[in-house]
Amino acid sequence: MQSATRAAPAAPPRPPADPVRPRRRGRVRTCVNIAVGVFLAYLVVFPLGMLVYSSLKSSELKLPFDIPGFTFDNFVKIFSSPRVLEVALNSAIFVVGTVAVALAISVSLAYLFERTDMPGRRVLAPSALAPMGVPATVMAVAWVLAANPANGPLALLVERVFGLSVDIYSLPGMILVAGIFGVPSMYLMLAPTFARLNLEFEEAAATSGAGWLTRTRKIVLPLTLPGMSAAAMLLAVIALEEFAIPSILGTPHQIFVFSSLVQAALQPPSGMSDYGLASAYGVLLVLLSLVMIALYRRQTRESHRFKVVTGKGYRSAPVRLGRWRYPAAAIVALYVLVAIVVPILTLVWTSLTPFLQPISPHSLGSLGFANYGTIFTDPNLTHAVVNTLVISLVTATLTAAFGLWLALASSRGGRAGRALFDLSFLVFAVPSVVLGVAVLFLYLFLPIPVYGTIWIIVIALTTRYIPRASRMLQTSLLQLDGGLEEVGRVSGARHGTVLRRVVLPLVAPSVTRTWLWVFANALGELPIALLLSNSDNRTVVVLLWDMIGESANYPEASALAVLLLAVSAGSVWWVNRRGFQQHI
Amino acid sequence: MQTTEHAVAISGLEKRFARKQSDEVSLAVDNVGFTVPRGGFFTMLGPSGCGKTTTLRCLAGLESADRGEISMNGKAVFSSAARRDVAPEDRPIAMVPQSYGIWPHMKVFDNAAFPLRYGRKTCSRGEARTRVLAMLEQVGLSEYADRWSTQLSGGQQQRLALARALLCEPEVLLLDEPLSNLDAKLRAQLRAELRSFQQKFGVTTIYVTHDQGEALAMSDTIVVMNRGRVEQIGTPDEIYDSPASRFVADFVGSANLVPGVADRTPRAGDRMVEVKTALGVLRCARFATPPAQTGDVHVCIRPEHVRIVPATTDTGEANRFPARVTSTEYLGDRREVVAAVGDVEFRAHADAHLRIRPGDDVGVVLDPEWTVALWS
Amino acid sequence: MRTRRKPVLAALAAVLTLLGAACSKPPPAPDAHNLADLYQAAKKEGQVIWFAPKPEAQMRPAIKAFEKKYPGITVKYTNKKAPDLVTQLNVEQAARRVSFDVSNAGGLTVLPSVDMAAKVDWAQYRVPGNQIFDGNFVYVWAVPKVWAYNTTAVPAASAPHSWNDVLDPRWGGGKLTIESRGSFMTVWAQDKALGTGPGLAFSAKLAKQSPHYTDNTTQAHTNIVSGQTPLGTDLINLVLADKAKGAPVAVAPIGPTNANKAYLFVPEGSPHPAAGRLLTAFLASAEGQKALAGSYNSIIPTETDCSKTATANRVVRALCAAGVQWRSETDVQQYQRFADFFPQVEKALGTDVH
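Residues numbered from 1 in each chain as written. Chains lettered and ligands numbered in written order. Predicted model: local features only at pLDDT ≥ 70, side-chain atom pairs only at ≥ 80, totals over all residues.

Draft legend 1. Representation of the overall build of chain A in the model. Across its full length, chain A carries 23 helices and zero strands. The contacts in chain A between residues at least 6 apart in sequence include a share of 79% that link residues at least 24 apart. (Helix = DSSP H or I, 4+ residues; strand = E, 2+ residues; numbered from the N terminus. Contact = placed C-beta atoms within 7 Å.)

Here is the structure:
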């Protein structure tokens, strides 16, 4: 009876404490990974280096590299500006407000579309996303036409019905428009999180007596927090650097935000861009993004807590709304009507008019398709459409691929992977146009023959979108239980097979969404396309900008915008059919 | 010694984890070693964080240990001395992880067929189909083959995970708390099923659990782990009846523990050791051999071996002490009594219909045959 | 994974060394002293790349006319905003990779362009002397800044007639749309009778009207056309183009104003120097001007001139009909005055960002 063995069988003499060498088969993979890593580092590091370099050159009227020595003059100039406090406050209000509006709307939409049995989801969900590929400039113009206090039908309607006079040319107006503009991107990031949320978590809370509100607040929100904070961060940066909306809606009453400063630096009264100053703003944004990385990492540090996709029984039966089904649908429909349909209708209306005019029954007679005729006979259009499609498709594909690689590297690539992932975040905050300048400088001087071709735009856009795409994908990877992969390997499948058969199919919906997001954004991205445009690589948005910016030909511009909208809506619809109907 | 009669042999296994914040290195697995005979059902039991799952993951190749040797069927799959670390896919194993790892993007059939399509031993489509369907039949899931795996209930998912693991034709089956996510009733049912599958397929099984009931009911051998170390290895009854340490006594079943001092080193051949405690001298027929030395010991006795006797009768029995009832609890099949001897409280399982009330004076008898002296 | 750092450093070093080596020699200036020789040289080049801040549709008649007159040379036109254009040229010249042959300068971009223009003796290519500016620039069209009003909102009779009329309280509270960079004030720095001091005082009073500011004149124009604001700063060619389509917009009789001259020049180091010269010379010629005038882009007299010959031009006719006097720039020093004046105007208006 006294046979119980107390200790382990005597261990052999302890071997040297060397770490065990990596497995041999992994070495080819390691080489490939290093190559991709180096390439990504190259994409990211060079523009950043250019940015820092230029920011230390006081280069008003000159180019950064024409100036010897380094100086902090640009930073001194920024912080000694009398408007700095006002602008900081406005920017803070604008960014926080925009994120709050977009978050509130997109969380509600994601919850209603993905988690509930609300009627009409199939129609409402894609329509909420449809305007994703339309540039902010165009949307801002559409909002001005639809809701300006003088003759915007929306503002007049509100005034007549509620007796309120709303002024879109105000900070709240900017916040509302920018918030609504941010909804599609944000929704796209949040939808998977909500779609995959295990109903059992909610049920568990329900059975412990928590009401819907408590349940949502205590269970659903915390579980979706990493997804939400990632999305909020994305939008915060977009809001910070977005200049079309503040410029169109803020300038009338001289409401300046951070991006106005960047814009003023690039187009000062002296006529020539002050790259040094613009770069200094870029550096400040990069620093700000470092703070955000820290916050984000703090939040997702215990990422295992947020693994809502496990290999364990989860069913995503929709939450029953009961008697709230139709009211909820009505509210969402109203949102879609006001926020999506009315601006789009305004665009369509404008595209049919001979000259810019507010929507009114009196001018119905003058409508026609002349503008469409003009743009379709424009010999440049075909070329621009081809350019646009190639740029958008290639950028979306490259970005999704690199983004996935980077997201995988961040969760599975050890310290180097995480470092690279964080590094990529630094370009995330660089304003589009400043990044464009860095890329421009770089390829003007490098003997790589991309300057003036569509490929320089592809490179710049890919660099720009990689951090966003990789974060969108990382949130979905964070939610994947590692056990799903491990069990594949233990079943005898090789790394590659597990990646192909298990990981990729599981993240496929997210990859599709990311691809769509990049595609739509590349379609509508203006500052980079404009800056890098040359005679051979002009895109549809650049043509659009020509019409808006130089000839004030809003009707033709609207016709082109309607075309862009059609492409964007079409791709949303296509991805919706393929990607969103997942069995998960 | 790695002879082929052992399906698995581990020795000197060590796994460090560096904690980022404090910069201190902690040992998740500390010098663990054991052998598992072919066809045996071997259980690693311990509280969460004891290193059992880490050990299992080292066995699976999902983690690389820092030191030690692991061999399966006499072949080394891990050896820090030889710098050998065979990839999980090249080890003759299968695993059911705690979360089951059922892939939500595949149908039930595809989940089960994965090992036959992409695993170590692949086979033709036709054969795979036959074998998968046969296996699903075995686990009672044949009618679900074309469903999405997410439509299965918890118990069905567990069976699917097991079916998939068995289709790997493993020499060693690794199970990581596969029952922990199920409700109690289902757990009892699946526990029996699991054991019968294991016996039917005769596959060597290493099972990780923190549930002592599961461990006792299913295992041929149990290893109790604590803080990365092996506390005791033995058959279920050895573990329960002769715990080797206070930790094992306390973790497996419930135990009354009384501190004391052994002032005489028992000689070889002694049947009893005597321990001086606050109650008086306790005689213990069970003790780890050889008792290390004199000094502080704990005496352990299970509640079912504590007899409550009337206070008046004094038969001069060994380990008998006067006591006062503190509380009693009627549990239907028995009555749980807490009786205090001086400051020391004992829990005892008494006859359900024993008529005592708190405050009654009684006697407690600690059966020396079942009293264990513990040096650690 | 620590090995990853080394390749990065290596790549960095490699790229840095290549940075310096990326220079190629631009083609030399053509050895042609008359138009015929220039055409022959240009034909060898085959194409000409032209950047200007005008929509391509407006330039298309002129391009067609050029390609018809000089077969064998194709024109590639790109619309680029003036500041972007000058910046791009600056960057490209620094990298010695100039990608276009004909560039544009006007207003604030004139001074930065002075050093970037190739030295050309335009007279030998028959560019009229009054169109040659500062030696290397060729004056091709004027962009008169005007005040415009929406005719639906403002009857012609009650339209303001002078700069001071704009300060009338009835234009207060967002009724005025004003380009915020101050270029509409150019004439105050140009006309001795007005002067920069009074100009700044005017700007300060204008700011009190709490106008509806826009980033540029184009946006101000759209506000007037769409009826959002009844009165504002505008450009005459935008007004005339929309008026022709039936839009309710008209030039307000407020003068004097600045008729901003736009120049073309051939950048130093351009890829098709002969073709660039040929196109510029063509656009300055009577034929080129005729084609350009269709889209209200043509030269006008430097000072107000409502004579019969001058009013053959539609822009001049419109200015004269509205009774607006204008002044164009006469020497390059004026641009420096403007560059000093605009930031002050921004300050007075309160639209300075920094």
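Draft legend 2. Broad picture of the interface of chain C and chain A. The interface of chain C with chain A comprises 61 residues on the first partner and 57 residues on the second. Going through the elements one at a time, helix 1 (5–21), helix 3 (56–69), strand 2 (74–79), helix 4 (82–94), strand 7 (212–214), helix 8 (217–225), helix 9 (236–244) and helix 13 (333–349) of chain C are the ones with two or more residues in the side of chain C that touches chain A. Partitioned by chemical class, the residues of the side of chain C that touches chain A number 28 nonpolar, 21 polar and 12 charged. (Nonpolar A, V, L, I, M, F, W, Y, C, P; charged D, E, K, R; others polar.)

Draft legend 3. Broad picture of the domain arrangement of chain C. All names here are of chain C. Domain boundaries assigned for chain C yield domain 1 (9–140 + 262–293) and domain 2 (143–260 + 302–349). Summarising the inter-unit geometry, the C-alpha centres of domain 1 and domain 2 are found 30 Å apart. Facing nine residues of domain 1, the contacting portion of domain 2 comprises 10 residues. At three residues, the largest contribution of residues to the side of domain 1 that touches domain 2 is made by helix 5 (residues 110–114). Here the side of domain 1 that touches domain 2 is composed, by residue class, of six nonpolar, two polar and one charged. (Domains from an automatic or database assignment.)

Draft legend 4. Molecular detail of the sheet that holds strand 11 (residues 229–234) of chain B. Residues and elements named next belong to chain B. On the basis of which strands lie adjacent, the open sheet formed by six strands has the order 7-8-9-3-10-11 and mixed pairing. Either end of the sheet is taken by a strand with one partner, and the two such strands are strand 7 (93–96) and strand 11. When the angles between neighbouring strand axes are averaged without regard to direction, this sheet yields 20°. Both strand 7 and strand 8 (residues 172–176) contribute to a ladder of four bridges, which runs parallel. Bridge pairing in strand 8 places Met-95 opposite Leu-174. Where helix 4 (residues 154–167) meets the sheet, it contacts strand 7 and strand 8, and its direction lies at approximately 175° from that of strand 7. (Pairing = 2+ DSSP bridges. Axes fitted to C-alpha atoms, helices over the stretch in contact; angles between N-to-C directions.)

Draft legend 5. Main features of the domain arrangement of chain A. All names here are of chain A. Segmentation of chain A into domains returns domain 1 (32–60 + 363–487 + 494–584) and domain 2 (75–271). A separation of 21 Å is found between the C-alpha centroids of domain 1 and domain 2. The partner domain 2 presents 29 residues to the 37 residues of domain 1 that form the contact. Broken down by secondary-structure element, the contributors of at least two residues to the side of domain 1 that touches domain 2 are helix 17 (432–445), helix 18 (454–478), helix 20 (495–524), helix 22 (540–550) and helix 23 (554–580). The element that contributes the greatest number of residues to the side of domain 1 that touches domain 2 is helix 23, accounting for 10 residues.

Draft legend 6. Local environment of the confidence of the model for chain C. Residue and element names in this part refer to chain C. Scored by pLDDT, chain C has a mean of 89; 93% of the residues are at 70 or more. Segment residues 1–5: pLDDT under 50, and six contacts once partners within four positions in sequence are set aside and those in other chains are kept. Predicted confidence for residues 18–23 stays below pLDDT 50, and this span has nine contacts to residues more than four positions away or in other chains. Taken together, the chains of this predicted complex give a pTM of 0.79 and an interface ipTM of 0.83. (pLDDT = per-residue confidence, 0-100.)

Draft legend 7. Region of the structure containing the nonpolar core. Grouped together as the largest cluster of nonpolar side chains are 413 residues, with contacts concentrated most on Ala-140 and Leu-544 of chain A, Leu-174 of chain B together with Val-140 of chain C. With 15 residues, helix 7 (residues 171–195) of chain A is the largest single contributor of residues to this core. (Core = buried A, V, L, I, M, F, W, Y, C linked by C-beta atoms within 7 Å. Buried ≥ 20, exposed ≤ 12 C-beta atoms within 10 Å, placed from the backbone.)

Draft legend 8. Broad picture of unusual backbone geometry. Residue Pro-256 of chain C follows Gly-255 of chain C across a cis peptide bond; omega there is 0°. As for its placement among the helices and strands, Pro-256 of chain C is situated in the loop between strand 9 (249–251) and strand 10 (257–265). Within the chain, Asn-31 of chain B stands out as a residue other than glycine whose phi angle is a positive 55°. One can find Asn-31 of chain B in strand 2 (residues 25–37). Looking at Asn-31 of chain B, the number of C-beta atoms within 10 Å reads 19, which means it is partly exposed.

Draft legend 9. Structural context of the UniProt feature "domain: ABC transmembrane type-1" (unreviewed entry) in chain A. UniProt records the feature "domain: ABC transmembrane type-1" (unreviewed entry) at residues 88–296 and 385–575 of chain A, using the numbering of this structure. As a span, residues 385–575 of chain A carries 83% helix and 0% strand, and end to end its C-alpha atoms are 21 Å apart. (UniProt positions renumbered as here; feature names shortened; annotations may be inferred.)

Draft legend 10. Examining the sheet that holds strand 15 (residues 286–287) of chain B more closely. Residue and element names in this part refer to chain B. Pairing in this open sheet of six strands is mixed, and the strands run 14-13-12-16-22-15 from one edge to the other. If you trace the sheet from one side to the other, it starts and ends with strand 14 (281–284) and strand 15, each paired once. Here strand 12 (residues 256–262) pairs with strand 13 (residues 273–277) via two bridges, running antiparallel. Within strand 13, the residue paired with Gly-260 across the bridge is Thr-277.

Draft legend 11. Inspection of the packing of helix 4 of chain B against helix 5 (residues 184–201) of chain B at higher detail. All names here are of chain B. In contact at an axis separation of 11 Å, helix 4 and helix 5 are set at 15° when each is read in the N-to-C sense. In terms of orientation, helix 4 lies roughly parallel with respect to helix 5. For helix 4 against helix 5, the interelement crossing comes out right-handed. Side by side, helix 4 and helix 5 meet where Gly-155, Gln-158, Leu-162 and Leu-166 of the first sit next to Leu-186, Leu-190, Leu-194, Phe-197 and Phe-201 of the second. Tallied by class, the residues present in the contact of helix 4 with helix 5 amount to seven nonpolar, two polar and no charged. (Parallel < 35°, antiparallel > 145°, perpendicular 65-115°, else oblique. Left-handed = near helix turned anticlockwise from the far one by under 90°.)

Draft legend 12. Broad picture of the environment of Thr-193 of chain A. Residue and element names in this part refer to chain A. Note that Thr-193 resides in helix 7. Of the residues examined, Thr-193 has 28 C-beta atoms within 10 Å and is grouped as buried. In this structure, the C-alpha to C-alpha distance between Thr-193 and Leu-223, residues 30 residues apart in sequence, is 8.7 Å. Sequence-distant contacts of Thr-193, defined by excluding residues within four places in its chain, comprise Thr-224, Gly-227, Thr-475 and Gln-479.

Draft legend 13. How the structure looks around the packing of helix 2 (residues 108–118) of chain B against helix 4 of chain B. All names here are of chain B. Two elements in contact, helix 2 and helix 4, have axes whose closest approach is 7 Å; the angle formed by their N-to-C orientations is 25°. By the angle between their directions, the pair helix 2 and helix 4 is classed as roughly parallel. Here helix 2 and helix 4 pass one another in a crossing that is right-handed. In this structure, helix 2 uses Val-108, Asn-111, Ala-112, Phe-114, Pro-115 and Leu-116 to contact helix 4, whose residues at the interface are Leu-160, Ala-163, Arg-164 and Leu-167.

Draft legend 14. A look at the environment of Gly-413 of chain A. Looking at the element boundaries, Gly-413 of chain A is found in the loop between helix 15 (379–412) and helix 16 (414–428). Taking the C-alpha atoms as reference, Gly-413 of chain A lies 17 Å from Arg-494 of chain A; in sequence the two are 81 residues apart.

Draft legend 15. Representation of the pairing of strand 19 (residues 335–341) of chain B. Residue and element names in this part refer to chain B. In terms of strand pairing, strand 18 (residues 320–330) meets strand 19 through six bridges, oriented antiparallel. Note on strand 19: the bridge partner recorded for Glu-329 is Glu-336. Between the antiparallel neighbours strand 18 and strand 19 lie four residues, among them Gly-332 with a positive phi of about 90°. Where strand 19 lies against strand 20 (residues 344–350), seven bridges are found, and the strand directions are antiparallel. Note that in strand 20 the partner of Val-338 across the bridge is Arg-347. Between the end of strand 19 and the start of strand 20, which pair antiparallel, lie two residues, with Gly-342 showing a positive phi angle near 60°.

Draft legend 16. How the structure looks around helix 5 (residues 136–147) of chain A. All names here are of chain A. An ideal rise of 1.5 Å per residue puts 16 Å on 12 residues; helix 5 measures up with 16 Å between its terminal C-alpha atoms. The buried fraction of helix 5 amounts to 12 of the 12 residues, a majority that puts the element mostly inside the structure. Buried within helix 5 are the following residues: Ala-136, Thr-137, Val-138, Met-139, Ala-140, Val-141, Ala-142, Trp-143, Val-144, Leu-145, Ala-146 and Ala-147. (Expected span 1.5 Å × (residues − 1).)

Draft legend 17. Representation of helix 4 of chain C within the structure. The first and last C-alpha atoms of helix 4 of chain C sit 18 Å apart over 13 residues, in line with the 18 Å expected at 1.5 Å per residue. For helix 4 of chain C, the buried fraction is high: 10 of the 13 residues fall into the buried class. All of the buried residues in helix 4 of chain C are Ala-82, Pro-83, Leu-85, Val-86, Thr-87, Gln-88, Leu-89, Asn-90, Val-91 and Glu-92 of chain C. Where the residues of helix 4 of chain C are buried, they touch helix 17 of chain A together with strand 1 (47–52), strand 3 (103–106) and helix 5 of chain C. Just past helix 4 of chain C, the residue Arg-96 of chain C takes up positive phi, approximately 50°.

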